[in-house]
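Coordinate inspection notes
Below, each chain spelled out in residue letters.
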Amino acid sequence: MDCEIRDEGGVAIVALTGDVDLETSPRVRGALLDCVGAKRSVLVDMSGVSYIDSSGVASLVEAYQTARKSNTKFGLVQVSEAAMRVLELARLDRVFAIHSTLADGLKDVGG
Amino acid sequence: MHIAAMPSMSVPLATNGDLGEQLELLAEMGQDFASSLDIGETLSKALARIARYLDAEAASLFLLDEHDRQLVCRACFGPVNITGLRIDARRGVVGRTVQDNTCQMVRDVRLDPDFAKSVDENTGFVTRSILCAPLSVKDRRVGAIELVNKRRSTDDESDGLFSDQDRRVLQVLASSAALAIINARLTAAVIEQEKVRRELELAAEIQRNLLPRRRAEDFPVVGVNVPARGVSGDFYDVFDLPDGRIGFSIGDVSGKGINAALLMAKTASIYRCLGRTIDDPGRLLALVNAELCETGTRGMFVTMVGGVFEPTTGRLCFANAGHEPPLLRDRLGEYRAYPAQAPPVGIAADLFPPEGCPVTELRLGAETLVVFTDGVTEGRLGDGSPVGAIGVRRLLERHRTLRPTERLSAVVAEIVRPGHPLHDDLTMLLVEGPLARGQGV
């Protein structure tokens, strides 16, 4: 699993690639919380996510909750089909701000 | 410079001198180590025995800290008490002894550039010579024993300095002490593990007691829970309402371990408590959500289904908050899934409308509703393949002629097999319509 962070106009883009599971989700959690903790708007690019389990979902939820608490924008962009199925099944598509393109996401978070 | 180093391999105890006395000392120390439960006290005793036997004015025993960065004085003998003193694990004659894992004999400390003067400066003690042996077993180092200043005596043939014979004796005694320290640490670790295991067992027992008691064979709502570890993050509950209806819930807490188990206990208790007076499962889930969000831990949430069943009419109402879709089996063996209409509880208070989440109402005749956690769908069958959503239906069909409790047990037995540990907790709940009951659908 790869977890790359880049900056686009002050917005942290966290690109996840591969399986986000019990083994890899602590790394994702750490990266997301670091970005949110730095009071930066965060967009998680999930186009490369081939699998996500409940521990991966929990990492996203924790970052979302932390962002809300600190009035920081947090969203998901280009969510892969495999990840979207999991989010939809748990109705988390109603919780996260999900954008089909990075440009839409950047527009939403004001980047 | 008079510095001598010698590897801490096994050495003959004595080539001259009183072998009987030395063996007696070794035996006494061994007995102390074997019989005492207080390693600190035993080390102090052993250090005093060694110092007296080798006529040292002072002695100290240093152990490496948990990061191997510092040496901490754990026992002391002589006029100055430096117990608790911490020094850099690479400094001084003691540090060199540990780093090189060899015995160090310094006949005149003024000529040794590694000698740390600070202790003498702070205490007024005057160190002239040092004999220091590593506390180690093969390459496993735990510290060092340092003897300071050999006492002069009238019959001393070695001009008041530590001798090679002293060095050999100290090496053997230090090896014995090192082994005792390592054993004591292993014992302490085993005791600690056992304590944790007992606490987990107790937690698991308390958790099992939270599950509903077994009912009569024809009771229409039954469940099963198999934890993957000692404690479970899954739960199910079944309780009677005053008007004869049956309340039920099933849930899966995100994460594993004790924190998930605690949240599981809390969520099930809140639902059961509120469920005795509020019969709308959608409103109940919203109230549970509000309560969890007020006192919850970030990143932890619960997917759950709550419902009420009226056994006489077959009327069933349930609400699904982010949980695996319950399956309704009709009289022809067709299955229909009911996906969640609300997110899991415990994420944010404003995700649920005040009136509660949507409720599905069904009338069960010969139909059966099965609700389960993802430990079932993600479980493995005998051939190693995942159960999956379709697999659950196949397993239920395979055992459809069995009574509800036996049916659930049979499905579980296909997933929980000896020698194949579960990766996730596994929970199932079954609600059977009045016409399906006892007929083996």
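Residues numbered from 1 in each chain as written. Chains lettered and ligands numbered in written order. Predicted model: local features only at pLDDT ≥ 70, side-chain atom pairs only at ≥ 80, totals over all residues.

What follows deals with the environment of Arg107 of chain B. Residue and element names in this part refer to chain B. Relative to the helices and strands, Arg107 is located in the loop between strand 5 (102-106) and helix 4 (118-123). By the C-beta count within 10 Å, which is 18 here, Arg107 ends up partly exposed. In this structure the C-alpha to C-alpha distance between Arg107 and Ser129, which are 22 residues apart in sequence, comes to 4.7 Å. (Helix = DSSP H or I, 4+ residues; strand = E, 2+ residues; numbered from the N terminus. Buried ≥ 20, exposed ≤ 12 C-beta atoms within 10 Å, placed from the backbone.)

The terminal C-alpha atoms of helix 7 (residues 281-295) of chain B, which comprises 15 residues, lie 21 Å apart, in line with the 21 Å expected from a rise of 1.5 Å per residue. Close packing links the buried residues of helix 7 of chain B with helix 6 (258-275), strand 11 (302-310) and strand 12 (315-321) of chain B. (Expected span 1.5 Å × (residues − 1). Contact = placed C-beta atoms within 7 Å.)

Two orientations exist for strands paired in a sheet by backbone hydrogen bonds: parallel and antiparallel. All names here are of chain B. Pairing within the open sheet is antiparallel, and its five strands lie in the order 9-10-11-12-15. Since the sheet does not close on itself, it has two edges, and those belong to strand 9 (234-240) and strand 15 (360-363), each with one partner. Between one strand and the next, the sheet's axes are offset by a mean angle of 15°, whatever the strand orientation. Pairing geometry for strand 12 and strand 15, over four bridges, is antiparallel. Counted as the bridge partner of Cys317 is Glu361 from strand 15. Running at roughly 160° to strand 10 (residues 246-253), helix 6 makes contact with strand 9, strand 10 and strand 11 of the sheet. (Pairing = 2+ DSSP bridges. Axes fitted to C-alpha atoms, helices over the stretch in contact; angles between N-to-C directions.)

Residue and element names in this part refer to chain A. Reading across from one edge, 1-2-3-4-5 is the order of the five strands in this open sheet, with mixed pairing throughout. Unpaired on one side and paired on the other, strand 1 (2-8) and strand 5 (97-99) mark the two borders of the sheet. The average undirected angle you get between the axes of adjacent strands in this sheet is 25°. Looking at chain direction, strand 2 (residues 11-20) and strand 3 (residues 42-52) are connected through eight bridges and run parallel.

Okay, the domain arrangement of chain B next. Split into domains, chain B comes out as domain 1 (3-188) and domain 2 (211-432). The distance between the C-alpha centroids of domain 1 of chain B and domain 2 of chain B comes to 64 Å. (Domains from an automatic or database assignment.)

Side chains three or four residues apart in an α-helix point the same way, a direct result of the helix having 3.6 residues per turn. Residue and element names in this part refer to chain A. With 13 residues, helix 1 (residues 25-37) ought to run about 18 Å at 1.5 Å a step, and its terminal C-alpha atoms sit 18 Å apart, in line with that. By the burial criterion, the buried members of helix 1 are Ser25, Val28, Arg29, Ala31, Leu32, Cys35 and Val36. Taken from the residues just after helix 1, Lys39 is the one with a positive phi, measuring 60°.

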